[in-house]
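Below are the chains, spelled out letter by letter.
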Amino acid sequence: MRARACPARAMIHNPNFHTQKGTDMNNTPDRAHAGDELGRALDDTLDALERAAAPENAAEAEHREKEAYERGETVQSFDSTMELEDAMREAQRRARARMDERRRKSAREADREARATQYSYAERAEAAMARPRKKKRGPLAAMGAVAGALAVLLAVLCVASSALYSRYDPERFVADVLAALEGGDAAALAGHLVSDEVTVNEENAALLCAAFSGADAREALASQLRAQSADPAAAGAYEALGVEKDPVFLGFCEYRIRVRGAQLMLRTNAQNVLLSLNGATRTGEEADGGILYKNLFPGRYSCTVTGATPLGEQLTGAETQLDLFSVSAPFEFDGALPVADVTVSGAVSDEAVIFINGTEVANRPSGGVVQLPQVAVGSTISFQYTEAHGAVTTGSVVFSDRSATQLAFGDIQTTGDTPDEAAINTLLSAYYASFVNAVNNKDASLVTGASAAQSAALPGLLEAEAFKDKVLQFTSAVVKADSVAACEVNGAPAFRCNAAMAYHTRSSTGDGAEADAMLYENVEFVFENGAWAVNRTVTIDEAKYTANDLSALEAPAA
């Protein structure tokens, strides 16, 4: 396309202008005719200039210029100063005529038209003449312009990219999070957190600051955040924390930490359990083996648990710091209560009664071992076993260390494995009184309080030389108390002692002298058929009786 001449300094050339009107520009008719032609051309040119001034009419102006060129019309510069002055005078005349016409319009339309025509044709013509004539630009100039524009665009893009990268760099995100954690700036950290499960605020963000107060913990979190910035599905040590990427512009993303609710399982058999986190009591729900607490904001808590033992003893757990980040499976905590399930061995019988701090419990040993749930630290665990013959065996142990729950009864003692002195005297009196009666009647079946073994030996004992041809009268039978010694006979409880029986004698014919006599014997008792019975007797002298000598019974019974 031809380069266009400046419209303000040109006029549309009519090919017949010089041939029809002559070549003398000073000829008045010709000049008048030329003025008309110039006026019209100038009007057309100024109108075209106004339309082309608007960006939306630029294409139309270029199209019209092209059409004029194809019709053979040429743009010609004013060669004569006189022609230019005539044109300007004609333009001024026409402008004044237009202004007179517009004054006859309404005041509102006149004002609008006056503003629109504030520049006269002459002024626009002079402005147009002042503009330099456009020159054709060659290919190299065009390429240079394009290259310059591209360079500017590239520079702008570089600056913009640098700014965007600086703002949305994932490493900067990680650095900002670590700086907030290290400085304990909960408010700044809260700005990096989002959640649709738990409440994000400065108070809860402080829980994370506490959990990551250590350098090792922060480094572990930083590794996790870097991995999740590249792949949000990447696993990490802190399950309740993840990275959320929010696309911003051309691949740049804004990064935040998405927070999920953590879970805690309190596993204890204690009764009336209450859990406090940072001094606030929390409510959980019953679950298998404990109490489940859900939707806890992750972070570090100071935890305290209170409760009671099955016996009603009040318990308070040690204050414990917990870092809660578990989501898929709850973090398990026993409450740090001074209580534990214990196992105690060494009970002498499975029929033994078990006591905790003097209170009987329902648990009984099996194979000498008893299982006891929720025993408070410091408790005394004891057993008591009362044998059929009245002997009482006891043992005890103190549960003092919560980490040591395998215990054994100690301090085992047996009391009452032999009857007391009065009870033994009663047993002796019953036996010897019946024995005297049997001697007098020559009937061993009259003897009471004898074991099966002693009953078999009685017929021979009744025929002793000391009792021959005599009638006996029982006086008393007593035990030498300090001679009593416990023992076993064929696995049965037994004891031995020295006994003295006093009796009165007279001749069976009635003609002999009467006398008081003493019988000293080693006596062995055995617990048989639920009662103490005399199992063996051996006559001894008074010296052995006095000396508590039980050697006569050393030999086994015949």
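*Asks:* For the sheet that holds strand E25 (residues 515–528), give the residues involved together with the corresponding values.
*Replies:* One open sheet accounts for four strands, arranged E23-E24-E25-E26; its pairing is antiparallel. Each edge of the sheet is formed by a strand with only one pairing partner; in this case those strands are strand E23 (470–489) and strand E26 (531–539). Recorded for the sheet is a direction-independent mean angle of 30° between the axes of neighbouring strands. Relative to E25, strand E24 (residues 492–507) is paired through 12 bridges, and the arrangement is antiparallel. If you follow Ala499 over to E25, its bridge partner there is Glu521. Along the sheet face, helix H12 (residues 421–441) touches E23, E24, E25 and E26 and points at about 140° away from the line of E23. Across the sheet, helix H13 (residues 452–462) touches E25 and E26, and the angle it forms with E26 is around 40°.

*Asks:* Before we move on, could you go through the pattern of salt bridges and cite the residues and values that matter?
*Replies:* For the structure shown, the criterion picks out 14 salt bridges. In this structure, Asp176 engages Arg172 in a salt bridge whose closest nitrogen and oxygen atoms are separated by 3.9 Å. One end of the pair is Asp176 and the other is Arg172, both in helix H8 (residues 170–182) and four residues apart, which spans about a single turn. Note that Glu524 is salt-bridged to Arg536, the shortest N-O span being 3.2 Å. Of this pair, Glu524 sits in strand E25 while Arg536 sits in strand E26; the two residues are 12 residues apart in sequence, bridging distant segments of the chain.

*Asks:* Could you give an account of the sheet that holds strand E21 (residues 406–408), with specific residues and numbers?
*Replies:* Spatial ordering of the open sheet is given by E18-E15-E21, a layout of three strands whose pairing is mixed. Pairing within the sheet leaves two strands with one partner each, and these edge strands are strand E18 (369–376) and E21. Averaged over all adjacent pairs, the angle separating strand axes in this sheet is 30°, with direction ignored. Pairing analysis gives three bridges linking strand E15 (residues 339–345) to E21, with the strands arranged parallel. Across the sheet, Thr343 pairs through a bridge with Gln406, a residue of E21.

*Asks:* For the side chain of Thr537, give the residues involved together with the corresponding values.
*Replies:* Here Thr537 shows up in strand E26. One polar contact links Thr537 to Gln454, side chain to side chain, over a distance of 3.4 Å. Not counting chain neighbours up to four residues away, the residues in contact with Thr537 comprise Tyr431, Tyr432, Gln454, Leu461, Glu521, Asn522 and Val523.

*Asks:* Would you mind going over the packing of H12 against H13 in detail, with residue names and values included?
*Replies:* Their axes nearest at 10 Å, the elements H12 and H13 cross at an angle of 50°. Between H12 and H13, the angle falls in the class oblique. Handedness of the H12/H13 crossing: right-handed. Between H12, through Tyr431, Phe435, Ala438 and Val439, and H13, the contact on the second element is made entirely by Gln454, Leu458, Leu461 and Leu462. For the contact of H12 with H13, the per-class residue count stands at seven nonpolar, one polar and no charged.

*Asks:* How would you explain H13 if you had to name every residue and give the values?
*Replies:* Considered for burial, the residues of H13 that qualify are Gln454, Leu458 and Leu462. In a view along the axis of H13, the buried residues occupy a sector of 65°, so they form one face of it. Exposed side of H13, more than 90 degrees from the buried face: Ala452, Ala456 and Gly460 are the residues found there. Elements in contact with the buried residues of H13: H12 and E26.

*Asks:* How would you explain the packing of aromatic side chains if you had to name every residue and give the values?
*Replies:* Scanning the model with the defined rule gives 13 aromatic pairs in all. Plain terms: the ring middles of Phe435 and Phe467 are 5.8 Å apart, the flat faces sit at 70° to each other, and that makes the pair edge-to-face. Remark: Phe467 occurs in the loop between H13 and E23 and Phe435 occurs in helix H12; sequence separation between them is 32 residues. Taking the relative accessible area as the measure of exposure, Phe435 reaches 6% and is therefore buried. Ring pairing ties together the aromatic residues Tyr431, Tyr432, Phe435, Phe467 and Tyr503, which thus form one cluster.

*Asks:* An account of the environment of Val259 is needed here, citing residue identities and associated values.
*Replies:* You can see Val259 is positioned in strand E5 (residues 252–259). For the pair formed by Val259 and Val198, sequence separation is 61 residues and the distance between their alpha carbons is 7.4 Å. Those residues in contact with Val259 that lie beyond four places of it in its chain are Leu193, Val194, Ser195, Val198, Ala240, Leu241, Phe297 and Pro298.

*Asks:* Tell me what's going on with the environment of Ala336, and back it up with residues and numbers.
*Replies:* Structurally, the position occupied by Ala336 is in the loop between strand E14 (331–333) and E15. Its relative accessible area of 16% is what places Ala336 among the buried residues. Between the C-alpha atoms of Ala336 and Thr304, which are 32 residues apart in sequence, the distance is 8.0 Å. Discounting residues that sit within four places of it in the chain, Ala336 has contacts with Gly317, Ala318, Thr320 and Arg402.

*Asks:* I'd love a proper account of the nonpolar core, names of residues and values included.
*Replies:* One recurring pattern in soluble globular proteins: nonpolar side chains tend to sit buried together. Of all hydrophobic cores here, the largest spans 53 residues; its most connected members are Leu181, Leu189, Leu208, Phe212 and Leu241. Sorting elements by how many residues they give to this core places H8 first, with six residues. Excluding anything up to four places from it in sequence, Leu208 contacts Leu181, Leu189, Leu193, Leu241, Phe297, Pro298, Gly299 and Phe325. Membership of the second largest hydrophobic core comes to 27 residues, among which are Tyr432, Ala444, Phe467 and Ala499.

Reading guide: rules and limits
Residues numbered from 1 in each chain as written. Predicted model: local features only at pLDDT ≥ 70, side-chain atom pairs only at ≥ 80, totals over all residues. Heavy atoms only, no water. Pairing = 2+ DSSP bridges. Helix = DSSP H or I, 4+ residues; strand = E, 2+ residues; numbered from the N terminus. Axes fitted to C-alpha atoms, helices over the stretch in contact; angles between N-to-C directions. Contact = heavy atoms within 4.5 Å. Salt bridge = Lys/Arg side-chain N within 4 Å of Asp/Glu carboxyl O. Polar contact = N/O pair within 3.5 Å; in protein donor to acceptor, adjacent residues only side chain to side chain. Parallel < 35°, antiparallel > 145°, perpendicular 65-115°, else oblique. Left-handed = near helix turned anticlockwise from the far one by under 90°. Nonpolar A, V, L, I, M, F, W, Y, C, P; charged D, E, K, R; others polar. Buried < 20%, exposed > 50% of the residue type's maximum accessible area, 1.4 Å probe, protein only. Arc of directions from axis to C-beta. Phe/Tyr/Trp six-rings, centres within 6.5 Å; stacked < 30°, edge-to-face > 60°. Core = buried A, V, L, I, M, F, W, Y, C linked by side-chain atoms within 4.5 Å.

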